[in-house]
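Residues per chain, in single letters:
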2 protein chains.
Amino acid sequence: MDQPKITLDGYAQLAAEAFQFLKSTTIAQRAEFMFAVADKIEALGAELLETARQETALPLPRLTGEKARTVYQWRSYARAVASGLYAEARIDLPDTEKGKGDIRKYNVGIGPVLVFGASNFPFAFSTAGGDTASAIGAGCPVIVKGHAGHSRTSTIMADAITDVVSQFGWPHGTFSHVLGDHVEGTNIKIGAYLTAHPLVKAVGFTGSYWGGKALFDIANQREQPIPVFAEMGSVNPVFAFSQILEQRAEALAKEYAASLTLGVGQFCTNPGIFVAVKGAAFERFKRALAEEISGIAPAMMLNKGIYSHFEKNKNLLSNQPSVAFIAESQTAAQEGQGRPRIMATSADSFLKNDVLSEEVFGPFGLLIEADNYAQLLDVAKQLKGQLTITVAGTSEDVREHQTVIDVVKDKAGRLLFNGMPTGVEVVYAMQHGGPFPASTDPRFTSVGPDAVKRFVRPLAFQNWPDEFLPAELKNGNPLAIHRIVNGVASAEKVSHK
Amino acid sequence: MDQPKITLDGYAQLAAEAFQFLKSTTIAQRAEFMFAVADKIEALGAELLETARQETALPLPRLTGEKARTVYQWRSYARAVASGLYAEARIDLPDTEKGKGDIRKYNVGIGPVLVFGASNFPFAFSTAGGDTASAIGAGCPVIVKGHAGHSRTSTIMADAITDVVSQFGWPHGTFSHVLGDHVEGTNIKIGAYLTAHPLVKAVGFTGSYWGGKALFDIANQREQPIPVFAEMGSVNPVFAFSQILEQRAEALAKEYAASLTLGVGQFCTNPGIFVAVKGAAFERFKRALAEEISGIAPAMMLNKGIYSHFEKNKNLLSNQPSVAFIAESQTAAQEGQGRPRIMATSADSFLKNDVLSEEVFGPFGLLIEADNYAQLLDVAKQLKGQLTITVAGTSEDVREHQTVIDVVKDKAGRLLFNGMPTGVEVVYAMQHGGPFPASTDPRFTSVGPDAVKRFVRPLAFQNWPDEFLPAELKNGNPLAIHRIVNGVASAEKVSHK
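Here the residue numbers are simple positions, counted from 1 along each chain's written sequence. Throughout, the order in which chains and ligands are written sets their labels, letters from A for the former and numbers from 1 for the latter. In keeping with the model being predicted, local features are shown solely for residues with a pLDDT of at least 70 and side-chain atom pairs are shown and tallied solely at 80 or more, while totals for entire chains, interfaces and linings include all residues. Excluded from the side-chain calculation are hydrogens and water; included are all heavy atoms of the structure.

**Quick look at the relation of the copies chain A and chain B**
Alright, step 1. To line up the copies, we fit them by least squares on C-alpha atoms, keeping just the residues with pLDDT of at least 70 in both. Superposing chain A onto chain B takes a rotation of 180 degrees plus a shift of 0.0 Å along the axis, which leaves an RMSD of 0.0 Å. Here the transformation between the copies is reduced to the relation of a two-fold axis. Measuring from the rotation axis to each C-alpha of chain A, the shortest distance belongs to asparagine 220 of chain A, at 3.6 Å.
Alright, step 2. A share of 100% of the interface residues of chain A reappears at the interface of chain B, consistent with the copies meeting face to face through the same patch. Contacts are residue-level and defined by heavy atoms, with any inter-residue pair within 4.5 Å sufficient.

Written out as structure tokens, the structure is:
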């Protein structure tokens, strides 16, 4: 049976209608829905993995892991939503002597959310990814603009969510899936059109700076501006201090090479630059890194566009003045494969040439050699906003270079001590989002249950009878959540009114 | 001794330097500072009140109340900051079996904040008002652009804060105070210049739509966009349902008249429009309201600019087609005085004429008569974002008109049941901020301790030794704050690492 074709305006309208329904759901109901989506995705088998493999060239073990992560996201966000943490319920009881009313506040969904699929995570950051899970957890309907690089994968995931919508009897507009480039018969991009649509109230995006910034600008120029949560990547610098470099040059080289080439370097937390003060230890690091990189085979990148950008940007940076070749994979790359390469430059050149701080999406690392710590500090100061900054050091190093630590705290969302930045845990304490241009809004994370916060706003009720209050705010606390009552955390009932 | 004159760039630079210091303060230290500011303001005597009275024409009892409120704001925000609520500390302990690292996150100040003084609250929303208190609570230095309407009052308040900065030995740039219109020798407004300044990281503003929107646009067009929290007022509609109108027409008229004319109508929560279905009860309401308004004397408005805007906008709305005169204060107004007036129109006219939904800042009320509830619903649907919406009704009214309630929930930050919207309590549950254009960011409040949230961002630490972690995240929990440890709320120490 053919469905009548729904227009983009139609999807927006359906989402707005579904929002009226979702407003009436409790956190417990939304959590139940989210667990059902997790189960449904978990049950998707070989067809999903094989389709994604064909569309993204990502190997099956990686895809299997990403699928498990996606399921985990739905479940952990569901638990967080059910806990009431994101309701942020506050109750101030009346004080008739002082003429103070009864005021209660909790978080409600912000409205329909437009989610863009990301090229490099066909499951975890796409159609059924963290943005969709967190928006639904917040009580917001979702319209997904599926990524063209994996449209069949996107459709399988969309169908899974749609099945759960039907199973729960929720409105169709709870979740919609749109594919394609342009609005029919126009040269307006679908994503731009929906971002500008008055019924869309927030946007989630993971991708390039230019893509994210374009959406951000459209959203701010609307008659009613809306928030855009665009995670736009960064170069994730590693600063290695002298003592650790002296102690661990070879081990650090191995770790850096592994992180830089993981997933053919196609992670937004890929450590694209490595900064240290020159000297014998840095030379040891370089030699060991050259050996590592030489032995790491090229591998297929996600798609032709990403491959050609990688080639172009790798060569752009490699051909800058005062940039020297250090090493490259010894295996020749086939068309479409990312061939790992390391270049090096002086801090002086880096400070003078903005091109050198551009992200190269893929397995490309730039070593920056500072003459001394004053210059290394200048490099830190000049950095733009980053998702992560890694400090490799001993405790003594950190004590000695506290000024560097103070500076990098302003530049990133997540600071690592030793270790490497790839691998973004789905936990409460995760911060995935850094000062602009790493993301458009560093006050929020796109990974971890706190991602839900992006899509809520507080709504206060003054002097409402208990029967009309949402469950989160009722005297009896039927959801048994933690609330702040007269300024004090409490999971108890309240007895006024 | 003459101080060398500091330029605007100099103030921004001082603030950036002070931020490096404030980053190292704990929540307990900032709370102590805030209590000291509260004490200092509390000790300011007749000179402050008399200066403010001269500059704003606000009566002394009102100013005395506002001063107490301002002191209360500093203290209640200090208590909230000290409680650790806004640190939002989360700790996920390592799991070596699963290869998971130790990740901890807490909120840090976003950087130097530019605060604009508001004309209508010389204490509570100006130099030493809620924006300044919440920014400092968040760990952010503040540059205040004092309001020209009360520059001497502003200077007294600024001096009080500066004294506390000196007393604590904190950097001068912790708090700066700027007066004037334009950058010397240019036609660039000081506020615009500072909003565009790369070292300024957020803006707090309370005032007109045009002022707030201009700052919002400047902030979004920066190379690094920054958040602007502009509270731009609204018309705060009151919807009165049939049963309550029948039962309480005269009482409601008294309450509405009192709220509408409180402080010469110069509140952003002033209930500028009143909507009900026509009929005998609405006629009774109108007669009673006319009598009330007739007896309320005009009073001096804050300044000439506000008075002339009031006159202009009152007449603009009064002279629209199908707008009928209902009542006016029987006392003639002197130059500069706001003379209360009530007009009425049909819902049909209101729906067709956008001018009628414009805010008139001052004691002006527009009654909207709907033919029936379908039309009243249309009025609700057409409303722009509001700070508040008030529902006057019995429980039966609410049950009968749930669709209206559903619609107004999307349009406001605070929903009142009976009562009137003027009077914004400084409590946790307060939401002062509504969907655009009531404010630029409805996800935050500018009143109540939650105002602090506007000026923080999360910063995550991965695998850092305990000695380098901020107090909020240390194993020993030296601040004894509530944290979320492995997903569970806890005020205990953690024992790993």
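There is more to say, and it comes next.
**Section: the sheet that holds strand 13 (residues 341–346) of chain B**
Alright, step 1. DSSP-based pairing: two strands are paired if at least 2 bridges between them are found. Secondary structure is summarised from DSSP: a helix means a run of H or I of at least four residues, a strand means a run of E of at least two, and numbering begins at the N terminus for each. Spatially, 19(A)-18(A)-1(A)-2(A)-17(A)-16(B)-15(B)-8(B)-9(B)-14(B)-13(B)-11(B) is the arrangement adopted by the 12 strands of the open sheet, whose pairing is mixed. Only two strands of the sheet have a single partner each, and these edge strands are strand 19 (488–490) of chain A together with strand 11 (323–328) of chain B. Put simply, the sheet's adjacent strands are angled 25 degrees from each other on average, direction ignored.
Alright, step 2. In this sheet, strand 14 (residues 364–370) of chain B lies alongside strand 13 of chain B in parallel orientation, the contact comprising six bridges. Counterpart to serine 346 of chain B in the pairing with strand 14 of chain B is glutamate 369 of chain B.
Alright, step 3. Axes here refer to lines fitted to C-alpha atoms; in helices the fit is confined to the stretch in contact. Angles between the N-to-C directions go from 0 to 180 degrees. Those strands touched by helix 11 (residues 304–318) of chain B are strand 11, strand 13 and strand 14 of chain B, and its axis lies near 20 degrees from that of strand 14 of chain B.
Alright, step 4. The strands touched by helix 13 (residues 373–382) of chain B are strand 8 (238–240), strand 9 (273–277) and strand 14 of chain B; relative to strand 9 of chain B, the strand with the most contacts, the crossing angle is about 155 degrees.

**Considerations on the interface of chain A and chain B**
Alright, step 1. Facing 69 residues of chain A, the contacting portion of chain B comprises 69 residues.
Alright, step 2. Here chain A packs against chain B, burying approximately 6100 Å² in sum over the two surfaces, 56% of which is carbon and sulfur.
Alright, step 3. Only one rule defines a salt bridge in this text: a Lys or Arg side-chain nitrogen within 4 Å of an Asp or Glu carboxyl oxygen. Where chain A touches chain B, the interface holds 12 salt bridges.
Alright, step 4. Note that arginine 399 of chain B and glutamate 467 of chain A form a salt bridge whose closest N and O atoms lie 2.7 Å from each other.
Alright, step 5. Any N or O atom pair separated by 3.5 Å or less is treated as a polar contact, with the protein-specific requirement of one donor-capable and one acceptor-capable atom, and with residues adjacent in sequence counted only for side-chain atom pairs. Where chain A meets chain B, there are 39 residue pairs in polar contact (both at pLDDT 80 or more).
Alright, step 6. When contributions to the side of chain A that touches chain B are tallied by element, the ones reaching two or more residues are helix 1 (8–22), strand 1 (90–92), strand 2 (103–109), helix 8 (209–221), helix 14 (395–400), helix 15 (402–409), strand 16 (412–417) and strand 17 (456–462) of chain A.
Alright, step 7. Counting residues per element, the side of chain A that touches chain B draws most heavily on strand 17 of chain A, which supplies seven residues.
Alright, step 8. In this classification, the charged set is Asp, Glu, Lys and Arg, the nonpolar set is Ala, Val, Leu, Ile, Met, Phe, Trp, Tyr, Cys and Pro, and all remaining amino acids, among them Gly, are polar. Class assignment of the residues belonging to the side of chain A that touches chain B gives a composition of 35 nonpolar, 12 polar and 22 charged.
Alright, step 9. Bridge count between strand 17 of chain A and strand 16 (residues 412–417) of chain B: three bridges; the pairing is parallel. Note that in strand 16 of chain B the partner of phenylalanine 461 of chain A across the bridge is leucine 415 of chain B. Here the buried area means the combined drop in accessible surface, using a 1.4 Å probe, for two parts upon being joined, counting both sides.

**Examining the nonpolar core**
Alright, step 1. Residues Trp74, Leu366 and Trp464 of chain A together with Trp74, Leu366 and Trp464 of chain B are the most contacted members of the largest nonpolar core, which totals 237 residues.
Alright, step 2. The criterion is simple. A nonpolar core is a set of buried Ala, Val, Leu, Ile, Met, Phe, Trp, Tyr and Cys residues joined through side-chain atoms within 4.5 Å. For every residue, the accessible area obtained with a 1.4 Å probe (protein chains only) is divided by the maximum for its type, and the residue is called buried under 20%, exposed over 50%, and partly exposed between those limits. The next biggest cluster of nonpolar side chains, apart from the first, holds 26 residues, and it includes Ile244, Ala249, Ala257 and Ala344 of chain A.

**Here we look at the side chain of threonine 195 of chain A**
Residues and elements named next belong to chain A.
Alright, step 1. With respect to the element layout, threonine 195 can be found in helix 7 (residues 190–196).
Alright, step 2. Within the local environment of threonine 195, its side chain forms a polar contact with the backbone oxygen of glycine 191, the two atoms lying 2.7 Å apart.
Alright, step 3. When neighbours within four sequence positions are excluded, threonine 195 is seen to be in contact with Leu114, Phe116, Val203, Leu215, Ile218, Ala219, Arg222 and Ile226.

**Points about the packing of helix 3 (residues 46–56) of chain B against helix 4 (residues 60–83) of chain B**
Residue and element names in this part refer to chain B.
Alright, step 1. One can describe the packing of helix 3 onto helix 4 by two numbers: an axis separation of 10 Å at closest approach and a directional angle of 120 degrees. Taken together, the axis directions place helix 3 and helix 4 in an arrangement best described as oblique. Crossing hand, helix 3 versus helix 4: right-handed. Between helix 3 and helix 4, the residues in contact are Leu48, Leu49, Glu50, Ala52, Arg53 and Thr56 and Leu60, Leu63, Thr64 and Lys67, respectively.
Alright, step 2. Within the contact of helix 3 with helix 4, the residues separate by chemical class into five nonpolar, two polar and three charged. Roughly parallel covers angles under 35 degrees, roughly antiparallel covers those over 145, roughly perpendicular covers 65 to 115, and oblique covers all other angles. The handedness criterion is simple: a crossing whose near helix is rotated anticlockwise from the far helix by less than a right angle is left-handed, and one whose near helix is rotated clockwise is right-handed.

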